[in-house]
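Structural features, examined
Read off the chains here:
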Amino acid sequence: MLRAKKGDDGAFTQLVTNYQDRLVGVLAHLVQDRQTAEDLAQEVFLKIYKARHGYEPTAKFSTYLFRIANNLASNRRRDRGRKREVNLPGAESGPLGARPAEQILAESSSLMPTRHFDRSEMQAVVQDALESLNDNQRMAVLLNKFEEMSYIDIAATLDLSVAAVKSLLSRARENLRVKLEPYVTQGHWTPQG
Amino acid sequence: MAKIVRLSKEQRENLVAYLDGELDDLSARDIEQVLASSPVARHDVDMLSRTWDLVGELPGVSVTEEFTSKTLESIAASRGGAPLVDPDAISRNSRRALGLALSTLILGGAGVTGYLATNRWIPNEAEELLNDFEILTDLDKYREAGDIDTLRKLQEIREFNEADDDSR
C-alpha cells in the first residue's frame, strides 16, 4: 500500500489480487449475496485507491481494508432497509430467497427421526444462524473466524474498544451456540475433516 | 453430586475469550478453576467450541474471473480512463521486450550463418574421402607402379588393360 501511495499502480493491482478473495469471502457471508459482495468489494478497492495518497500505516492493511468494507456494507444495508420498509413489508424470506434452513429446522423437529445432514444442508443451517446475529456481531464473527483477527484488530476494524469486542463476540458465540447446539448434540453432523 | 456453580456475567464473557486465547494469565486461571469445578461450564465451553467449529463449514468464496478486470477498469474510469498500470512501466517493459527480441534475432542469425559456413566452406573430412574414393580403392596398384609416367605407359598397353579387367 505504501508503494501504491507513492504512485506505483502496479503495486495497487497486486493488492487487489492479493485481497480480493478474502474480501469478497467475508462480504458474501456478511450480506448473503455474492453479486452484492463483489459490487461492495469493487467499491472498497475504488475508495482505497482514491484515498491512497492520504494513507497512513497506523494499523495493518487488512484492518484498514475491512474497516472500509464494514462501513460500506453498513451503508448498503441501511439503504436497503429503507427501501424494504417502503416496498417489501413483512417478507418471510432472506435476501437469498426462501431460507432452506427454516425448512430443514422444521423437518428436524422432535417428530422426525434423526438424520445425518450433508455438507450443503449444514452450510445452510450455519448461514441461517449467522444471519440471526446483528451486523456487528456477524462481522466480528467473520473476522475472528475467517480472518483470524485478534480482538485488538477487530476493535480497530469495527471502531470499538477491546472490551466491547470481547462482549460482542461472547454474545455472538452464545447466540450461535443456541442455534446450532441441536445439530451438534443430536448427531446431525459429523465434520468430514 | 457435583455442585452447580452459577457463572457470573464476566465469567461467561471470559469463556469465549478463553477459547480464543485472548485472556490474560490471571483471568485464564480463574476460568480453568471454574471449569474444573463446574460441569455446566464445561458443557458450555464444549458446545461453544463445537458450534464454533460448525461455522468453519461455511463454503469459501473465490471471486469470478471478471472481478479483477472489472475492478481495475472501474478504477481506470475513475481516473479518466487511463490504464491503472503505470504507463512508464509498460514502456519500460516494451523496450525490454524489443531489446530481447533483437538480441534473439541477432544470435539466431549468427547461428544460421555459422552453420552454413561450416557446412559449405570448411572442408569436410568425409566429403574429401568420398571425392578420392576411386583413387583410394586402387591406391595399392598406384604405389606398385611407382610414378605417373609408368602408369601412362601401362595405360597405352592394351593387354595390360584386359588382364586388369579379368582380375576384377
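Let us look at the structure shown here.

Reading guide: rules and limits
Residues numbered from 1 in each chain as written. Chains lettered and ligands numbered in written order. Predicted model: local features only at pLDDT ≥ 70, side-chain atom pairs only at ≥ 80, totals over all residues. Heavy atoms only, no water. Helix = DSSP H or I, 4+ residues; strand = E, 2+ residues; numbered from the N terminus. Buried < 20%, exposed > 50% of the residue type's maximum accessible area, 1.4 Å probe, protein only. Contact = heavy atoms within 4.5 Å. Areas by Shrake-Rupley, 256 points an atom, 1.4 Å probe, with all protein chains shown as cover. Polar contact = N/O pair within 3.5 Å; in protein donor to acceptor, adjacent residues only side chain to side chain. Axes fitted to C-alpha atoms, helices over the stretch in contact; angles between N-to-C directions. Parallel < 35°, antiparallel > 145°, perpendicular 65-115°, else oblique. Left-handed = near helix turned anticlockwise from the far one by under 90°.

1. Examining the overall build of chain A
When helices and strands are tallied, chain A shows 9 helices and 0 strands. When the helices and strands of chain A are read in sequence order from the N terminus, they spell out α-α-α-α-α-α-α-α-α. The buried share among the 193 residues of chain A stands at 48%. Taking contacts inside chain A between residues at least 6 apart in sequence as the whole, the part at least 24 apart equals 67%. Total accessible area on chain A stands at roughly 9600 Å², and carbon and sulfur atoms take up 51% of it.

2. Re the overall build of chain B
What chain B contains, in helices and strands, is 10 helices and 0 strands. Helices (α) and strands (β) of chain B occur, in sequence order from the N terminus, as α-α-α-α-α-α-α-α-α-α. Counting only residues that meet the buried cut, chain B has 23% of its 168 residues in that class. When contacts within chain B are restricted to residue pairs at least 6 apart in sequence, long-range pairs at least 24 apart make up 37% of them. Per element, the accessible surface of chain B, about 12500 Å² overall, is 56% carbon and sulfur.

3. With respect to the environment of Asn134 of chain A
All names here are of chain A. Note that Asn134 resides in the loop between α6 (119–131) and α7 (135–146). Taking C-alpha positions, Asn134 is 8.4 Å from Ala172, a pair spaced 38 residues apart along the chain. In terms of polar contacts, Asn134 uses its side chain to reach the backbone amide nitrogen of Asn136, at 3.2 Å.

4. Focus on the packing of helix α3 (residues 34–50) of chain A against helix α4 (residues 65–78) of chain B
Helix packing geometry: the angle between the two helix axes and the distance between the axes. Two elements in contact, α3 of chain A and α4 of chain B, have axes whose closest approach is 10 Å; the angle formed by their N-to-C orientations is 40 degrees. One finds that α3 of chain A runs oblique with respect to α4 of chain B. Crossing angle aside, the handedness with which α3 of chain A passes α4 of chain B is right-handed. For the pair formed by α3 of chain A and α4 of chain B, the contact residues are Glu38, Ala41, Gln42, Phe45, Leu46, Tyr49 and Lys50 of chain A on the first element and Phe67, Lys70, Thr71, Ser74, Ile75 and Ser78 of chain B on the second.

5. Concerning helix α1 (residues 9–19) of chain B
Burial in α1 of chain B covers these residues: Gln11, Glu13, Asn14, Leu15, Val16 and Ala17 of chain B. Lining the buried residues of α1 of chain B we find α8 (151–158) and α9 (162–185) of chain A together with α2 (25–37) and α3 (39–55) of chain B. At the C-terminal side of α1 of chain B, Gly21 of chain B shows a positive phi close to 70 degrees.

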